Amino acid sequence: MEIWINPACSKCRSAIQLLDAEGASYTVRRYLEDVPSEDEIRAVLERLGLEPWDITRTQEADAKELGLKEWPREAASRDRWTAALAAHPKLIQRPIITAEDGTAVVGRTEEAVRDALSR
């Protein structure tokens, strides 16, 4: 199990606390420092069953500068969105937990973190 976090994020800290309380074995990836490649983002999206725009923080300053709210949300635009996430990792929703069964969840709630633990 791996968790992508920003240590400054309260949702990330809560997810780590819950994983620790449950005795989970996991690896922390500080994705702002250890930036995922486009291929890694694609792999996580596949595990999540989501599109890149589904995990994009559109309220961030970088998103506004890029005009992401205006970008098409369609298959032909996936690579453009993925490239933006790799170039601007602050835009990636957090925390993302990859589960043992090959799936992943965006662990913003206790329920989502528990779901990842049960997989």
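Basis of the calculations
- Residues numbered from 1 in each chain as written.
- Predicted model: local features only at pLDDT ≥ 70, side-chain atom pairs only at ≥ 80, totals over all residues.
- Heavy atoms only, no water.
- Helix = DSSP H or I, 4+ residues; strand = E, 2+ residues; numbered from the N terminus.
- Buried < 20%, exposed > 50% of the residue type's maximum accessible area, 1.4 Å probe, protein only.
- Polar contact = N/O pair within 3.5 Å; in protein donor to acceptor, adjacent residues only side chain to side chain.
- Contact = heavy atoms within 4.5 Å.
- Salt bridge = Lys/Arg side-chain N within 4 Å of Asp/Glu carboxyl O.

Undergrad: Summarise the side chain of Thr 56; cite the residues concerned and give the values.
TA: With respect to the helices and strands, the residue Thr 56 is situated in the loop between α2 (38-48) and α3 (61-66). Thr 56 sits in the buried class, given a relative accessible area of 8%. Here Pro 52 takes part through its backbone oxygen, which lies 2.7 Å from a polar atom of the side chain of Thr 56. For Thr 56, the residues in contact, after removing those within four places along its chain, are Leu 68, Trp 81, Leu 85 and Leu 91.

Undergrad: Which residues make up the side chain of Thr 98, and what values do they have?
TA: Within the secondary structure, Thr 98 sits in strand β3 (residues 96-98). Using a relative accessible area of 7% as the deciding quantity, one classes Thr 98 as buried.

Undergrad: Describe the pattern of salt bridges, listing the residues and the values that go with them.
TA: For the structure shown, the criterion picks out 10 salt bridges. One salt bridge in this structure joins Asp 39 and Arg 42, with 2.9 Å as the shortest N-O distance. Placement of the pair is Asp 39 and Arg 42 together in helix α2, with a separation of 3 residues, close to one helical turn. Look at Asp 39 and you get exposed, because its relative accessible area is 57%.

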